[in-house]
Amino acid sequence: MVARITIDKQKFINNVKKVISDQPIMAVVKNDAYHFGLEFTVESFILAGINSFSTTSLHEAIRIRKMNKNVNIFLMNASVEFNTLKQYNIAMTLPSLKFYYEHIESIQGVKLHLELENLLHRSGLKDQYEMEEVIRHNNNLPQDKQAIIEGIWTHFGYADEFDGNEYEIEKNNWLTCLNYMMTLDYTFKFIHAQNSASFVRENGIFDHHTHARLGIILYGSRPYSTLAPSTTEQSFTVTANVIQVRSIKKGETCGYSFQFTAKEDCNIAVVDIGYGDGILRTRSKHDALIHNTRYPIRGLMMSHMFVEVDDTVNSGDLVTLYSNDIRIDEFTFKGVGANSEQISALNHHSLIKEIK
Ligand SMILES: Cc1ncc(COP(=O)(O)O)c(C=O)c1O
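None of the values given here were measured: they were computed from a predicted structure.

As recorded in UniProt, the feature "modified residue: N6-(pyridoxal phosphate)lysine" (unreviewed entry) lies at Lys 30. Inspection of the secondary structure assignment puts Lys 30 in helix H2 (residues 30-34). Those residues in contact with Lys 30 that sit more than four places away from it in its chain are Ser 54, Thr 55, Thr 56, Glu 60 and Met 76.

What follows concerns the packing of helix H7 (residues 128-140) against helix H8 (residues 166-183). At a minimum axis separation of 9 Å, H7 and H8 run at an interaxial angle of 30°. Considering only the axes of H7 and H8, their crossing is right-handed. Residues Gln 128, Tyr 129, Met 131, Glu 132 and Ile 135 of H7 pack against Thr 176, Cys 177, Tyr 180 and Met 181 of H8.

Taken together, 13 residues lie around the ligand, and Lys 30, Tyr 34, Ser 196, Gly 215 and Ile 216 are the ones closest in. One of the side-chain N or O atoms of Arg 122 is found 3.1 Å from an oxygen atom in the ligand. A distance of 3.3 Å separates a nitrogen atom of the ligand from a polar side-chain atom of His 155. Within the complex, the protein chains bury 85% of what would otherwise be the 390 Å² of accessible surface of the ligand. Among the secondary structure elements, those contributing two or more residues to the shell around the ligand are H2 and strand E9 (212-214). Looking at the shell around the ligand residue by residue, the classes come out as six nonpolar, four polar and three charged.

With that settled, consider the environment of Met 302. Locating Met 302 in the fold gives a position in the loop between strand E15 (293-300) and strand E16 (305-309). The sequence separation of Met 302 and Leu 116 amounts to 186 residues, and the corresponding C-alpha distance is 43 Å. The residues contacting Met 302, other than those within four sequence positions of it, are Gly 274, Tyr 275, Gly 276 and Asp 277.

So, about the side chain of His 209. Its place among the elements puts His 209 in the loop between helix H9 (196-201) and E9. Take His 209: its relative accessible area is 9%, and that puts it in the buried class. In this structure the side chain of His 209 is engaged in a polar contact, spanning 2.9 Å, whose partner is the side chain of Trp 174.

UniProt marks residues 235-356 with the feature "domain: Alanine racemase C-terminal" (unreviewed entry), using the numbering shown here. Its end C-alpha atoms 11 Å apart, residues 235-356 is made of 11% helix and 40% strand.

For the rest of this paragraph, the subject is the sheet that holds strand E6 (residues 111-116). Judged by pairing direction, the sheet is parallel, and its eight strands sit side by side in the order E8-E7-E6-E5-E4-E3-E2-E9 without closing on themselves. Unpaired on one side and paired on the other, strand E8 (190-192) and E9 mark the two borders of the sheet. Adjacent strand axes in the sheet meet at a mean angle of 25° when their direction is disregarded. Bridge analysis of strand E2 (residues 25-28) against strand E3 (residues 52-55) gives three bridges, and the strand direction is parallel. Bridge assignment links Val 28 to a residue of E3, and that residue is Ser 54.

Cut-off values and rules
All residue numbers here refer to positions counted from 1 along the written sequence of the relevant chain. In keeping with the model being predicted, local features are shown solely for residues with a pLDDT of at least 70 and side-chain atom pairs are shown and tallied solely at 80 or more, while totals for entire chains, interfaces and linings include all residues. Only hydrogens and water are set aside when side-chain values are computed; all heavy atoms of the structure are taken into account. UniProt positions are given in the numbering used here, feature names are shortened, and annotations may be inferred rather than shown by experiment. A run of H or I in DSSP counts as a helix once it spans at least four residues, and a run of E counts as a strand once it spans at least two, with each numbered from the N terminus. In this analysis, two residues are considered to be in contact whenever any of their non-hydrogen atoms come within 4.5 Å of each other. The axes used here are C-alpha line fits, helices contributing only the stretch in contact, and every angle between their N-to-C directions lies in the interval 0 to 180 degrees. It is the rotation of the near helix from the far one that decides the hand of a crossing: anticlockwise by less than a right angle makes it left-handed, clockwise makes it right-handed. A single heavy atom is enough: if one lies within 4 Å of a molecule or strand, its residue is considered near that molecule or strand. The term polar contact refers here to a pair of N or O atoms within 3.5 Å; inside protein, the definition further demands a hydrogen-donor-capable atom paired with an acceptor-capable atom, and it admits residues adjacent in sequence only when both atoms are side-chain atoms. Per-residue accessibility takes into account occlusion by the displayed protein chains alone, with areas from the Shrake-Rupley method and a 1.4 Å probe. Under this grouping Gly is polar, as are all residues other than the nonpolar Ala, Val, Leu, Ile, Met, Phe, Trp, Tyr, Cys and Pro and the charged Asp, Glu, Lys and Arg. With a 1.4 Å probe rolled over the protein chains alone, any residue whose accessible area is under 20% of its type maximum counts as buried; one over 50% counts as exposed, and the rest are partly exposed. Strand pairing is assigned whenever DSSP detects at least two bridges linking the two strands.

See below:
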């Protein structure tokens, strides 16, 4: 009896195929592919028909190249390891005009995607005029001194927000910039902007774009709550086991620091999973699934949790914390934490990890 995380590979691949439905996708595989495991995920995405990948870490980008000679790899954070980028045929973002001029001497032959800063203000050129300046400056250099400017992109930080009009603003900023750049006599091989939320709320890829750059929806979680669960399906489960069931009298407490005080006599299942395995404290305010019934979690410790159960639950029973019936995104929408936050927290060293 050990707590485990189990990924159903075929279900994962089938879901990706369904989500992308033959549209060209650049898969975001940063942070060890949203913690699914980079090698497993890249291989699965390729089987599902994806051939472009992006990450924020050069180290991960190199691992992808070592797996596959032909896929497109885009580094979303700038690096100054220009020889490594060229050696492994990795394109990277151009994060600012300052970066361009600072490194102009050494950036020849490096593949660049011009980034529009937009509302996120995390990285990028300010506007289309800065982009035009880079293109013109680079074109005026001798051929063997030029960078290879092959892409243009932005990131939408508000696509999953419906309350304000920020998404419309960042979308307009981007489309205005792109339209301007398309009037220049210049061809971009890669044009990408949309994340999962933008991809679904726009019913697919914008015109003239070569890719949508998707993360969370490929991993089985909905980017916002009004989407039907069938939009994307969760292909992994996190399960644990009832070690024993103990009866607690009304008024008795259990867990460290009186985590739970019984209002009535009740049964408490002691389960072999805890925050040390990556179950967030906020998650423990909600339910666990035992025999298709939901039971309230009453306490969370490093290696254990308490679940209040009825007489049908016995030691040895399976307790599901996450599955397609009790999904990560359900708890995102209940305020437990972002989808990626819950997935990233899972401790793949203490949980047994199985891919079936
Ligand atoms: C630059 C960039 N593009 C795309 C994505 C994918 O976003 P999502 O997981 O919402 O699809 C991310 C994720 O954080 C990102 O940082």
